[in-house]
Amino acid sequence: MKEEKLILVTNDDGYDSKGLVAAVEVARAFGRVVVVAPETTQSGMSQAITMYNPLYLRCVRKEEGLEVYAFSGTPVDCVKMAFDYLLREERVDLVISGINHGSNAGNSLIYSGTMGAALEGCMQGIASVGFSLLHHSLKADFSECTPYVTDMARRVLDHGLPHDVCLNINFPAKVHIEGMKVVRAARSHWTEEYQTYTDPHGKPFYWLTGSLVNEEPEMADTDLYWLDRHYASVVPCTPDQNLPGTM
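Below or above, wherever it landed, is the structure these notes cover. Since the structure is predicted, the reported quantities are computational estimates derived from the model, not experimental observations.

Once that is clear, we can look at the pairing of strand E13 (residues 232–237). Of all six residues that make up E13, five are buried, and the element is covered over most of its length. As defined by bridge partners, strand E8 (residues 180–182) adjoins E13 across three bridges and the pair is classed as parallel. Bridge pairing in E13 links Val182 to Val234.

Pasting the structure below:
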């Protein structure tokens, strides 16, 4: 009998998001699953941690092979809570972050709470993968990408990942996925604008908007290139911020 795996599932969309439910369904096929995910949406939190506010942990669901907790912190807080408190006496085999509602391709991975959690798992020495679907809707359909999530989870559990490397995997939405490509993150930037509004009391407030611009649209070794062509992209990432060849 194969040894049961322990899989931590988290995200940045919240413990009750449809994408997280899809990830949990995949993870349960491999063993015991513990979910620690934000109580509310924490998109764009990157590596943020909570230091000046109390944190609250709430058990949402507990049954054989599955525990679900909602945590008041950021995605990285969720991973830290799992490793440093809930599972401190156990060895986690895999961290799954996602499946995110929306893209984390190009330079979005820098801002991503989904990838913040995956990078935190990587820094803890655990094989970690962030999954994202290029569809922001809360009703997004994950059925096309879940077979790929299952296959990648199996591969990582069977073979692991290189030291200090995690994966940022993005899926095109509303299309048949043609396959997967291991690529680099495209050089890109956001056309950011702050829209100005006025609240009912006459006080101005601002809302950040913008769109992602691919700076190298013809480069066939990038994630944005292949996502536009209906392929899933796999970008190896590392929390090591040192430039290669430097001390």
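Next comes the rest of the write-up.
Another point: the packing of aromatic side chains. What the rule picks out here adds up to five aromatic pairs. Seen in terms of ring centroids, Tyr197 and Phe205 are 5.5 Å apart; in terms of plane orientation they differ by 20 degrees. Their pairing is stacked. Assessed through its relative accessible area of 40%, Tyr197 is described here as partly exposed. Since its relative accessible area comes to 32%, Phe205 is described here as partly exposed. For the ring pair Trp226 and Tyr231, a centre distance of 5.1 Å and an interplane angle of 75 degrees mean the geometry is edge-to-face. Within the aromatic cluster, the residues linked to one another by ring pairs are Phe131, Tyr148 and Phe171.

The element strand E2 (residues 31–38) is extensively covered by neighbouring structure, given that seven of its eight residues are classed as buried. Summarising the sheet, strand E1 (residues 5–10) and E2 pair through five bridges and their orientation is parallel. Looking at the pairing, Leu6 lines up with Arg32 of E2. Since E1 and E2 lie parallel, the crossover through helix H1 (residues 18–28) that links them has a hand, and here it is right-handed. Where E2 and strand E4 (residues 66–71) come together, six bridges link them in parallel fashion. The partner of Val35 across the bridge, within E4, is Val68.

In this section: unusual backbone geometry. Trans is the prevailing form of peptide bonds, just as negative phi is the prevailing case for residues other than glycine. For the bond running from Gly98 to Ile99, omega is 0 degrees, close enough to zero to count as cis. Relative to the assigned elements, Ile99 resides in strand E5 (residues 94–101). Positive phi is not limited to glycine here, since Asp164 has a value of about 65 degrees. Mapped onto the elements, Asp164 comes out in the loop between helix H5 (146–159) and strand E7 (166–171). The backbone of Lys174 sits at a positive phi, close to 60 degrees, despite the residue not being glycine. Within the secondary structure layout, Lys174 lies in the loop between E7 and E8.

Here the focus is the sheet that holds E7. A sheet is described by the order of its strands in space; here nine strands give the open sequence E3-E4-E2-E1-E5-E6-E7-E13-E8, paired in mixed fashion. The open sheet has two free edges, formed respectively by strand E3 (57–63) and E8, since each of these has just one partner strand. With direction set aside, neighbouring strand axes in the sheet form an average angle of 20 degrees. In terms of strand pairing, strand E6 (residues 128–133) meets E7 through five bridges, oriented parallel. Bridge assignment links Gly130 to a residue of E7, and that residue is Asn168. Contacts from H1 reach E1, E2, E3, E4 and E5, with the element oriented near 145 degrees to E5.

With the rule as written, the count across this model stands at 10 salt bridges. For Lys80, the salt bridge identified is with Glu120, shortest N-O distance 3.1 Å. Note that Lys80 is positioned in helix H2 (residues 75–86) and Glu120 in helix H4 (residues 113–123), a separation of 40 residues in sequence. In this structure Lys80 comes out as partly exposed when scored by relative accessible area, which is 30%. Classification of Glu120 by relative accessible area gives buried; the value is 6%. Among the ionic pairs, Asp221 bridges to Arg184, the shortest N-O distance being 2.9 Å. Taken as a pair, Asp221 in the loop between strand E12 (212–214) and helix H6 (223–227) and Arg184 in the loop between E8 and strand E9 (188–190) lie far apart in primary sequence, 37 residues in all. Given a relative accessible area of 35%, Asp221 falls into the partly exposed group. Looking at Arg184, the relative accessible area reads 25%, which means it is partly exposed.

Cut-offs applied
- Residues numbered from 1 in each chain as written.
- Predicted model: local features only at pLDDT ≥ 70, side-chain atom pairs only at ≥ 80, totals over all residues.
- Heavy atoms only, no water.
- Buried < 20%, exposed > 50% of the residue type's maximum accessible area, 1.4 Å probe, protein only.
- Helix = DSSP H or I, 4+ residues; strand = E, 2+ residues; numbered from the N terminus.
- Pairing = 2+ DSSP bridges.
- Phe/Tyr/Trp six-rings, centres within 6.5 Å; stacked < 30°, edge-to-face > 60°.
- Right-handed = clockwise from strand over helix to strand, strands pointing away.
- Axes fitted to C-alpha atoms, helices over the stretch in contact; angles between N-to-C directions.
- Contact = heavy atoms within 4.5 Å.
- Salt bridge = Lys/Arg side-chain N within 4 Å of Asp/Glu carboxyl O.

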